[in-house]
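# Geometric and topological summary
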Amino acid sequence: MEKSIHLAIASVPFQQWEEPYKETEAFHRGTIFPNLDKPFFVTEDPLEKKKECSCSSLEENSADAMLRQIQKAGFFCDDLRLYLDTHPEDQQALSMFKEVLKQKKTLMKDFALSHYPLTVACIADIYDENPNSNCYCWKEGPIPWDRVCD
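Everything in this summary refers to the structure shown in the same document. Because the structure is predicted, anything quoted here is derived from the model rather than measured.

## A few points about the packing of helix H4 (residues 91-114) against helix H5 (residues 120-129)
Contact pair H4 / H5: the axes reach a minimum separation of 9 Å and the direction vectors enclose 70°. By the angle between their axes, H4 is roughly perpendicular relative to H5. Viewed along their axes, H4 and H5 form a crossing whose handedness is right-handed. Residues Met108, Lys109, Ala112 and Leu113 of H4 touch H5, and the partners they reach there are Cys122, Asp125, Ile126 and Glu129. In terms of residue class, the contact of H4 with H5 is built from five nonpolar, no polar and three charged.

## Observations regarding the side chain of threonine 31
As for its placement among the helices and strands, threonine 31 is situated in the loop between helix H1 (23-29) and helix H2 (46-52). Engagement of the side chain of threonine 31 in a polar contact is seen with the side chain of aspartate 79, the distance being 3.3 Å. In contact with threonine 31, not counting residues within four places along its chain, are Tyr21, Ala26, Leu36, Asp37, Phe75 and Asp79.

## Describing the packing of aromatic side chains
With the rule as written, the count across this model stands at five aromatic pairs. Look at phenylalanine 111 and tyrosine 116: their rings are 5.0 Å apart centre to centre, the planes differ by 85°, and that puts the pair in the edge-to-face class. Considered together, phenylalanine 111 and tyrosine 116 belong to a single accessibility category, that of buried residues. Aromatic rings pair up to connect Trp17, Phe33 and Tyr83 into one cluster.

## Regarding the side chain of glutamate 18
Mapped onto the fold, glutamate 18 is located in the segment before H1. As a buried residue without a salt bridge, glutamate 18 has its nearest oppositely charged side chain in lysine 38, at a separation of 8.3 Å. Of the polar contacts made by the side chain of glutamate 18, one reaches the backbone nitrogen of asparagine 35; its length is 2.9 Å.

## Some words on the environment of proline 20
Mapping proline 20 onto the fold places it in the segment before H1. When sequence neighbours within four positions are dropped, the list of residues in contact with proline 20 reads Ile32, Pro34, Phe76 and Met96.

## Considerations on the packing of helix H3 (residues 62-86) against H4
At a minimum axis distance of 9 Å, the contact between H3 and H4 shows a crossing angle of 155°. Between H3 and H4, the interaxial angle falls into the category roughly antiparallel. Here the hand of the crossing between H3 and H4 comes out left-handed.

## What about H5?
Among the residues making up H5, those that are buried are Cys122, Ile123, Asp125 and Ile126. Taken down its axis, H5 places every buried residue within 155° of arc, on the same side. Along H5, exposed side chains directed more than 90 degrees from the buried face belong to Val120, Ala121 and Asp128. Those residues of H5 hidden inside the fold are in contact with H4.

## Here we look at the pattern of salt bridges
Taken as a whole and judged by the stated rule, the model has four salt bridges. With its nearest N and O atoms 2.9 Å apart, the salt bridge here joins aspartate 37 to arginine 29. Measuring nitrogen to oxygen at the nearest pair gives 3.1 Å for the salt bridge that ties lysine 109 to glutamate 129. Taken together, the positions of lysine 109 in helix H4 and glutamate 129 in helix H5 put the pair 20 residues apart, joining distant regions of the chain. Taking the relative accessible area as the measure of exposure, glutamate 129 reaches 47% and is therefore partly exposed. Here the salt bridges do not stand alone but share partners, grouping Glu25, Arg29 and Asp37 into one network.

Rules used throughout
The written sequence of each chain sets the order in which its residues are numbered from 1. pLDDT decides what is reported in this predicted model: residues at 70 or higher carry local features, side-chain atom pairs at 80 or more are listed and counted, and totals for whole chains, interfaces and linings draw on all residues regardless. To obtain the side-chain values, all non-hydrogen atoms of the structure were used and water was disregarded. The angle between two axes is taken between their N-to-C directions and runs from 0 to 180 degrees, where each axis is a line fitted to C-alpha atoms and a helix contributes only its stretch in contact. Every helix listed is a DSSP run of H or I at least four residues long, and every strand listed is a run of E at least two residues long, numbered separately from the N terminus. Any angle that falls under 35 degrees is termed roughly parallel, while one over 145 is termed roughly antiparallel, one within 65 to 115 roughly perpendicular, and all others oblique. Note: crossing handedness is left-handed where the near helix turns anticlockwise from the far helix by less than a right angle, and right-handed where it turns clockwise. Whether two residues are in contact is decided by their heavy atoms: any pair within 4.5 Å suffices. All residues other than Ala, Val, Leu, Ile, Met, Phe, Trp, Tyr, Cys, Pro, Asp, Glu, Lys and Arg, Gly among them, are scored as polar; the first ten of these are nonpolar and the last four charged. The definition of a polar contact used here is a pair of N or O atoms within 3.5 Å, where within protein one atom must be able to donate a hydrogen and the other to accept one, and adjacent residues in sequence count solely through side-chain atom pairs. The criterion for an aromatic pair is that two Phe, Tyr or Trp rings (for Trp, the six-membered ring) have centres within 6.5 Å, with stacked assigned to planes under 30 degrees apart, edge-to-face to planes over 60 apart and tilted to the rest. In this scheme, a residue with accessible area under 20% of its type's maximum is buried, one over 50% is exposed, and one in between is partly exposed, where area comes from a 1.4 Å probe on protein chains only. When charges are counted, neither His nor the chain ends are considered; positive counts come from Lys and Arg and negative counts from Asp and Glu. Just to be clear on terms, a salt bridge is a Lys or Arg side-chain nitrogen sitting within 4 Å of an Asp or Glu carboxyl oxygen. This arc corresponds to the set of directions leading from the helix axis out to the C-beta atoms.

Below, the structure written as structure tokens:
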């Protein structure tokens, strides 16, 4: 006697463009798109947990605040890039992507000039601002495994 095998059929709706969350809310919710914002439990609101967290009320120094802005812009870029992978003709999303990329680049340059470089491109920005600089600035900032960015 043969066993019958039943296959599952997945039905995944094609994502449509919608007005994304603002940067800070998107960062806390884990997506820029409201339709993709699906809490693990129906009664769970990730922003409520964030409000309860005492660590979020700590005062940040200027470097921490700038790093948080870079993180938010990077997150927004990544979510837009994923959307554009499946919707490359969406001009509204592409325009927003270009704008956020420019914002992230500016934030990283400003951070490098006021604190320390985060990438090799940031070192190039320092040299662009001061071509006579003899500084190889990696030693200025914390190394990733020091866990200062957690």
